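Structural description and commentary
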There are 2 protein chains.
Amino acid sequence: MKKLIALILFIVGSQHSFSQNNLFESYNLMPWPKEISKNNQKFIINEKFSIAVNDIENKRIAEATTSFLRRLSGRTGIFIDNGFAVEVSKNNYSSLVINFERQGKLKLNEDESYILKVTNNQVSLNAVTDIGVIRGLETLLQLLEFNETQYFFSGALIKDSPRFPWRGLMIDVARHFQPIAVLKRNLDAMASVKLNVFHWHLTDDQGFRVESKVYPKLHQLASDGQYYNQEQIKDIVAYAQLRGIRVIPEFDVPGHASAILTAYPEIGSKDTISTIERYAGVFDPTLDPTNDKTYEFLDNLFKEITPLFPDDYFHIGGDENEGKHWNSNPKIQEFKKAHALKTNHDLQTYFNIKLEKILKKYHKHLMGWDEIMTPNMPITAVIHSWRGENEGLSKGGSLIEAAKKGYKTVLSNGYYIDRMQSVTNHYLIDPIGDVKLTEAEKSRVLGGEATMWSELVTPLTIDSRIWPRTAAIAERFWSAKEVNDVDNMYKRLETISYKLEELGITHIKNRDVILRNISNNQDISSLLALQQICEPLKIYTRNKGGTEYKSYSPFTLFADACTADAPDAIKFNKIVSNFLKDSTIDNKEDILYYLNKWISNYEKFEKLNSSPILKKINIPYKNLASLSDILKNILITKTSNSKQCQKINTLLKKLQVPFVDVELIIYNDLKKLSEQLIK
Amino acid sequence: MKKLIALILFIVGSQHSFSQNNLFESYNLMPWPKEISKNNQKFIINEKFSIAVNDIENKRIAEATTSFLRRLSGRTGIFIDNGFAVEVSKNNYSSLVINFERQGKLKLNEDESYILKVTNNQVSLNAVTDIGVIRGLETLLQLLEFNETQYFFSGALIKDSPRFPWRGLMIDVARHFQPIAVLKRNLDAMASVKLNVFHWHLTDDQGFRVESKVYPKLHQLASDGQYYNQEQIKDIVAYAQLRGIRVIPEFDVPGHASAILTAYPEIGSKDTISTIERYAGVFDPTLDPTNDKTYEFLDNLFKEITPLFPDDYFHIGGDENEGKHWNSNPKIQEFKKAHALKTNHDLQTYFNIKLEKILKKYHKHLMGWDEIMTPNMPITAVIHSWRGENEGLSKGGSLIEAAKKGYKTVLSNGYYIDRMQSVTNHYLIDPIGDVKLTEAEKSRVLGGEATMWSELVTPLTIDSRIWPRTAAIAERFWSAKEVNDVDNMYKRLETISYKLEELGITHIKNRDVILRNISNNQDISSLLALQQICEPLKIYTRNKGGTEYKSYSPFTLFADACTADAPDAIKFNKIVSNFLKDSTIDNKEDILYYLNKWISNYEKFEKLNSSPILKKINIPYKNLASLSDILKNILITKTSNSKQCQKINTLLKKLQVPFVDVELIIYNDLKKLSEQLIK
């Protein structure tokens, strides 16, 4: 019987991925739905657009339908008469009719499925839960299209549900505090791509961001005044709940504890004064796992804090404890011997198991980074996999190991968006990949989380580091493994990206704010032209050793205006690749377009009133313009001389060197092009 | 003796305004300080920049100095070593040394003066209160200049204090709710131009925006879920206090009461069902001033609410009550007879006097719009003057009348920024003007408030309606009457305006967000070219009778991307005026530049994928391009024919007509130019 079902699923799956290939071009949906079939109908939107729901008292539905109407009106400029949804019974002729069975619970594996049907006459949305309705409404908004005279929803029948039940975004509010408004707009954006877990990294060496009434020194002494009071936490949790998003708090212990020990040094492992950390990296201050007061402290704190977070899971961090302060403390060494704890890892397991029991009292399952997966750790714990890239994901890493050992597990390795890599890197990493797992093992792979560590981001820039890449990651978590066409992902992502502005996401607009700041309100077009081909240094090279930037260093620099996936670089890469294959006149013209763009924009740049900031950009920009000029001449004249070749090589060497914490991401293509032209 | 002082003040004043004229070009200060003298020194900023304060425990100072360091670092890109100010005793060699005498109280007439001295070696800032320090720090940031190799504070000696003690901005959060984040960024911006009163218009027909635990139906039934809970209110008040800004709440009664009566109809004047109002205008629902329960309700409500707002003043609105529901209620008519209240105005005075007593119990002075100024009103009330333009401000209006009658009074007539007029209109209105007042009367003119009524603004657009114009109004309230050079104001305002982005003000960046939305993420440059010469319809003509727009109508339209003082229109006006005076080749070239800009941008616009929104803009834009083309030909060929003249007249007639709720603000200049060219 199971095999039969598997066979049917396989056939359905194949058909479905086939139809996707045809439909990918028709719809800008992200995440791509499980099943979609096109009809050649469309539902036209006018002032009479209306929504009816079978239960309008449901808060999630009331909020979601009202917001839907505002967004629809905002995008189309249509003055929709009805500002709010009504009960189905009152209006059977509504444009959009919504039916659902029950209120969803924000728990693992809650039903998020929905069926959406768009025809000429009506749109219907059916779901088991209100959360399913929310997911479907986002899909419907993505079906909005227009022609010269009309806005309409493209006709389709969509039957959708997620592949993984845990689809998260982690935001670190410790390294740089993120105000409530930042979190709210990101929760809106998360909901728009069907993410359902907000992992709130609330404490670290650089700050303790929660008001504690039991241990008030935590927020008073260890936050620089930048923390959430308990009402604000409730507000965020409620805001997330309305959007079908679970909130998992993280209190990172026993390491990453500089802030906690700034406030309460008495539970530290070393008799020393801690201060709020201003740099980035791994630091020594660690809670003392041999001190009863430590557990008393954590018990009281968790007793106070856990009711603020209704979710079943509670993240205790547990990562990157190098145990230096444990090693240097004779009492701790004695304790280890007395309790037959051979390694610091054993000691940390001792600590984790005690925590697991404390959390159990407050009806919470413990979750932690993969260091917590030690032999004695109960399998009730959830393993959050972040390491393992060195071992190669193909071998499974800690995620697969955890699932095989019986732990539930969530993948973040591969989704570290703070590494500033291309979206392609993340998009192509599948939590399970080709690893063979039993059904039971598979079901323990809950999903994944993109992680936004905030050493190098502030409220000004955080959105441009999260978005739009996280939309593609959200698709990885929601959609079938076979949905993995990179070109098509880019195409859809472009639309999804700018629609995020509707929700207040600042990734596009704040780029210009930074450039206006840098240029002192002069014409930014020349800086913009450069920004389109530069990317911030990747994989932690921007802040080597964590000491170049402090938490209060400026993040208003040219590098902060640059993002992963620099748009002109992507286009130029294609153009060069085409030209190298076939140097037609058209392909040559494409190349010339960009060379001219950089030449003329450098001319503009030169005319700006210079400043210390602009001065640092001048030489690299000039080198790019010079190189472009030589390449242009060679392209046009079809001849090159040795002097030019020499100059090209010199310039390329210079352009390979990062400047103001960015790399000229077109360097490789310029090199290839140069080699072709002077060979 | 008094005459002698007046004479000295006159002489000092004259010198000071004389020196301003010279210095206006040197500094981009706004508001302009009371006294400033230039020295040819400058304080250069580097990584070692530091701040020392005589009392670092003071919260306002701690917040302000930290924020100062972040902003300085953010603007310059300099990695300043010290992230926080220190005690003076610990560092006598700090770059900036701050001394103040005492913590300021947020009360009328508190000392806000400061003395700021910038030399090559050090910057010193001295003030009586911490509030004075805050004001001075904003001035210092405005002294930041740069050359190719350095950032520095321009040398100066500034002795500054405000002309008026009440310098406010009112934000209406009833017509369109404004989230906490909107208020916070606007409070930051207010502080940056030394405004010190945030008037919070919290209730109106369209919503009651405050959580009440005593009368919970107010926020539950009369806010659409969009209200501030009491913790949020405390948060805003604390946020404002840190910035030296008083918060005056307004609960508008007895009119503007649709929302209150939606929740508690039993205290209404008519036995009818009220609902939250969706349109704009003046509505009939009014509290019943003859019902004891009304006073019981207001007493309980104010008892609950007043502790949230520590300020001495409490605004009860009191405006625009036409009394229709009073007229139609026989019991109310009987009550009037029984109490010898001849008119509805008398009845409202009866109501106001009762309110004044209730508020007194809670240690609050009553403030209200000028309708409350009736014969029996106690002079403890503050009159907020909003009417009177018809009578002509030169005759004084209600402000002068109030001051003469012994009331304290605040001016908003002339500062209605929601009318979308040019900043010049507001800038040139002086609260006292040339009216002769005694010193006592003068001292009762407390100052003024810009009023941001929110019928036509949402969080997306509100900043672009408040800023930058309110910075110029702030100067009117702070600076001497003689500081009134419009051209120089524009010059300084341009710098001040873009610096507001640092504080999160969205007036520039959200323009592009709207244009991207309208164009469906196509190239916005052609829309931007049009935006630069269009302004939203003014003086309430955009929403005639209050019925074109509902509260949930779209405010994401082209008109919402347009602002008062369209920048290219201002420039074109100058250019045409120059050309009409003298048709030199240079002046002709200037004209041609703009004509070509509009011609070429319309060509770009035409190539966009059209949509219903873009289609509405097409014809007017085409007409502008056609007219520009004809004028260009005439300018170049220096000849015109009758066919061209006819065409010009037809096109001008069409361009005079508003489209998509904007007017082509260059129309008059196009007309003048045309007349000149074809005469």
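Reading the values: the criteria
Residues numbered from 1 in each chain as written. Chains lettered and ligands numbered in written order. Predicted model: local features only at pLDDT ≥ 70, side-chain atom pairs only at ≥ 80, totals over all residues. Heavy atoms only, no water. Pairing = 2+ DSSP bridges. Helix = DSSP H or I, 4+ residues; strand = E, 2+ residues; numbered from the N terminus. Axes fitted to C-alpha atoms, helices over the stretch in contact; angles between N-to-C directions. Contact = heavy atoms within 4.5 Å. Buried area = accessible area lost by both parts, 1.4 Å probe. Salt bridge = Lys/Arg side-chain N within 4 Å of Asp/Glu carboxyl O. Polar contact = N/O pair within 3.5 Å; in protein donor to acceptor, adjacent residues only side chain to side chain. Nonpolar A, V, L, I, M, F, W, Y, C, P; charged D, E, K, R; others polar. Expected span 1.5 Å × (residues − 1). Buried < 20%, exposed > 50% of the residue type's maximum accessible area, 1.4 Å probe, protein only. Core = buried A, V, L, I, M, F, W, Y, C linked by side-chain atoms within 4.5 Å. Least-squares fit on C-alpha atoms with pLDDT ≥ 70 in both. Phe/Tyr/Trp six-rings, centres within 6.5 Å; stacked < 30°, edge-to-face > 60°. Lys NZ or Arg CZ within 6 Å of the ring centre and 35° of its normal. pLDDT = per-residue confidence, 0-100. Disulfide = S-S within 2.5 Å.

Section: the sheet that holds strand β15 (residues 365-369) of chain B
Residue and element names in this part refer to chain B. Pairing is parallel around the closed barrel formed by eight strands, whose spatial order is β9-β10-β13-β14-β15-β16-β17-β18. The mean angle between the axes of side-by-side strands here comes to 25°, regardless of whether they run parallel or antiparallel. Relative to strand β14 (residues 313-317), strand β13 (residues 246-253) runs parallel, the two being bridged by two bridges. Bridge assignment links valine 253 to a residue of β14, and that residue is glycine 317. Seen against the sheet, helix α4 (residues 180-192) touches β9 (166-172) and β10 (197-201) and runs at an angle of roughly 150° to β10.

Structural notes on the interface of chain B and chain A
In this assembly, 52 residues from chain B lie in contact with 52 residues from chain A. Buried area between chain B and chain A, both sides added, is near 4400 Å², and the carbon and sulfur share of it is 57%. On the chain B side of the contact with chain A, Phe79, Tyr498 and Tyr552 of chain B bury the most area, a combined 15% of that side's loss. Across the pair glutamate 501 of chain A and arginine 516 of chain B runs a salt bridge, and its minimum N-O distance is 2.7 Å. Inspection of the chain B/chain A interface yields 16 residue pairs in polar contact (both at pLDDT 80 or more). Breaking the side of chain B that touches chain A down by element, the ones donating at least two residues are α2 (59-76), α6 (230-242), α17 (486-499), α18 (509-518) and α23 (612-637) of chain B. Here the side of chain B that touches chain A takes six residues from α18 of chain B, the largest share from any one element. For the side of chain B that touches chain A, a count of residues per class yields 16 nonpolar, 19 polar and 17 charged.

What about α4 of chain B?
All names here are of chain B. In this model, α4 (13 residues) spans 18 Å end to end at C-alpha, consistent with the 18 Å of a helix rising 1.5 Å per residue. Along α4, twelve of the 13 residues are buried, which leaves the element largely enclosed by surrounding structure. Within the span of α4, buried status applies to Ile180, Val182, Leu183, Lys184, Arg185, Asn186, Leu187, Asp188, Ala189, Met190, Ala191 and Ser192. Looking at the packing, one finds that the buried side of α4 touches α2, α3 (130-142), β9, β10, α6 and α15 (462-466). Looking one or two residues beyond α4, the residue adopting positive phi is lysine 194, at roughly 65°.

Describing the nonpolar core
Counting residues in each nonpolar core, the largest one holds 186 residues, and the members touching the most others are Leu670 of chain A together with Phe49, Phe153 and Trp200 of chain B. Per-element tally for this core: the top contributor is helix α23 (residues 612-637) of chain A, with eleven residues. Sequence-distant contacts of phenylalanine 49 of chain B, that is, excluding residues within four places in its chain, are made with Phe43, Phe68, Leu69, Leu72, Ile80, Asn82, Ser95, Leu96 and Phe153 of chain B. The next biggest cluster of nonpolar side chains, apart from the first, holds 184 residues, and it includes Leu187, Met190 and Ile462 of chain A together with Ile514 of chain B.

Brief notes about the pairing of strand β8 (residues 151-160) of chain B
Residue and element names in this part refer to chain B. The buried fraction of β8 is high, at eight of ten residues. Inspection of the sheet shows strand β1 (residues 35-44) paired to β8 by seven bridges, in the antiparallel sense. Looking at the pairing, phenylalanine 43 lines up with phenylalanine 153 of β8. Here strand β5 (residues 114-118) pairs with β8 via five bridges, running antiparallel. Note that in β8 the partner of isoleucine 115 across the bridge is lysine 159. Where strand β7 (residues 144-146) and β8 come together, three bridges link them in antiparallel fashion. Residue pairing in the sheet places glutamate 145 in a bridge with phenylalanine 152 of β8.

Digging into the relation of the copies chain B and chain A
For these two chain copies, the linking operation is a rotation about an axis paired with a shift along it. Of the transformation superimposing chain B on chain A, the axial component is 0.0 Å and the angular component is 180°, with the fit at an RMSD of 0.0 Å. This pairing of chains is accounted for by a two-fold axis. The residues that chain B uses at the interface reappear at the interface of chain A in 100% of cases, marking a shared surface.

Observations regarding the packing of aromatic side chains
In this structure the tally under the stated criterion is 66 aromatic pairs over all chains. Between tyrosine 215 of chain B and phenylalanine 297 of chain B, the ring centres sit 4.4 Å apart and the planes meet at 40°, which makes this aromatic pair tilted. Here phenylalanine 297 of chain B lies in helix α8 (residues 292-305) and tyrosine 215 of chain B lies in the loop between β12 (207-208) and α5 (217-221), a separation of 82 residues in the sequence. Across the pair, phenylalanine 297 of chain B and tyrosine 215 of chain B agree in class, each one buried. Grouping aromatic residues by their ring pairs yields a cluster made of Phe177, Phe198, Trp200, Tyr228 and Phe309 of chain A. Directly above the aromatic system of phenylalanine 84 of chain B lies the positively charged group of arginine 70 of chain B, at a separation of 5.0 Å from the ring centroid.

Side note on the confidence of the model for chain A
All names here are of chain A. The predicted model of chain A averages 93 in pLDDT, with 95% of residues at 70 or higher. In the model, residues 9-18 has pLDDT below 50 throughout and makes five contacts with residues more than four positions away in sequence or in other chains. In the predicted structure, residues 390-395 sits below a pLDDT of 50 and forms six contacts with residues beyond four places in sequence or in another chain. This prediction of the complex comes with two scores: 0.95 for pTM and 0.94 for ipTM.

Some remarks on the side chain of histidine 199 of chain A
Residues and elements named next belong to chain A. Looking at the secondary structure, you find histidine 199 in strand β10 (residues 197-201). On the basis of relative accessible area, histidine 199 is assigned to the buried category, the value being 0%. Among the polar contacts listed, one links the side chain of histidine 199 to the side chain of glutamate 449, at a separation of 2.6 Å.

Remarks on the pairing of strand β15 (residues 365-369) of chain A
Each regular strand carries side chains that alternate between the two faces of the sheet. All names here are of chain A. Counting buried positions over the five residues of β15 gives four, a clear majority of the element. Here strand β14 (residues 313-317) pairs with β15 via three bridges, running parallel. Bridge pairing in β15 places tyrosine 313 opposite histidine 365. Direction of pairing for β15 relative to strand β16 (residues 382-385): parallel, over a ladder of three bridges. In the sheet register, tryptophan 369 faces β16, and the bridge partner there is histidine 384.

Observations regarding the pattern of salt bridges
Two side chains that carry opposite charge are able to pair once their charged atoms sit near each other. Residues and elements named next belong to chain A. All told, the structure shown has 71 salt bridges over all chains when counted by the stated rule. The salt bridge partner of lysine 48 is aspartate 81, with a shortest N-O separation of 2.7 Å. Placement of lysine 48 in the loop between β1 (35-44) and β2 (51-53) and of aspartate 81 in the loop between α2 (59-76) and β3 (86-87) is noted, with a sequence separation of 33 residues between them. With its nearest N and O atoms 3.0 Å apart, the salt bridge here joins arginine 243 to glutamate 63. One end of the pair, arginine 243, is in the loop between α6 (230-242) and β13 (246-253); the other, glutamate 63, is in helix α2, and 180 residues separate them in sequence.

Brief notes about helix α12 (residues 397-405) of chain A
Those residues of α12 of chain A not exposed but buried are Gly397, Ser398, Leu399, Ile400, Ala402 and Ala403 of chain A. Backbone geometry just after α12 of chain A places glycine 406 of chain A at a positive phi near 105°.

Regarding the sheet that holds β10 of chain A
All names here are of chain A. Within the closed barrel, the eight strands sit side by side as β9-β10-β13-β14-β15-β16-β17-β18. Their pairing is parallel. Put simply, the sheet's adjacent strands are angled 25° from each other on average, direction ignored. Sheet analysis places strand β9 (residues 166-172) next to β10, joined by five bridges and oriented parallel. Bridge pairing in β10 places glycine 168 opposite valine 197. The strands touched by helix α4 (residues 180-192) are β9 and β10; relative to β10, the strand with the most contacts, the crossing angle is about 150°. Across the face of the sheet, helix α16 (residues 469-478) comes into contact with β9 and β18 (445-452) while running at roughly 175° to β18.

Section: the environment of arginine 102 of chain B
Residues and elements named next belong to chain B. Counting through the fold element by element, arginine 102 comes out in strand β4 (residues 96-102). Its relative accessible area of 35% is what places arginine 102 among the partly exposed residues. Put simply, arginine 102 and glutamate 663 are 561 residues apart on the chain and 52 Å apart in space, counted from C-alpha to C-alpha.

Structural notes on the environment of glutamine 656 of chain B
Residue and element names in this part refer to chain B. Mapping glutamine 656 onto the fold places it in the loop between α24 (642-655) and β20 (662-664). For glutamine 656, a relative accessible area of 48% translates into the label partly exposed. The spacing of glutamine 656 and leucine 670 is 14 residues in sequence and 10 Å in space, taken between C-alpha atoms.

Observations regarding the environment of alanine 280 of chain B
Residues and elements named next belong to chain B. For alanine 280, the position within the fold is in the loop between α7 (258-263) and α8. C-alpha separation for the pair alanine 280 and asparagine 329, spaced 49 residues apart in sequence, amounts to 25 Å. Residue contacts for alanine 280: discarding those within four places in its chain leaves Gln206, Glu455, Asn543, Gly545 and Gly546.

What to know about the state of the cysteines
Residues and elements named next belong to chain B. The full count for this structure, using the stated rule, is zero disulfides over all chains. Counting only cysteine sulfurs, cysteine 562 is the nearest neighbor of cysteine 534, a cysteine outside any disulfide, at a range of 5.1 Å. A relative accessible area of 0% means that cysteine 534 is categorised as buried.

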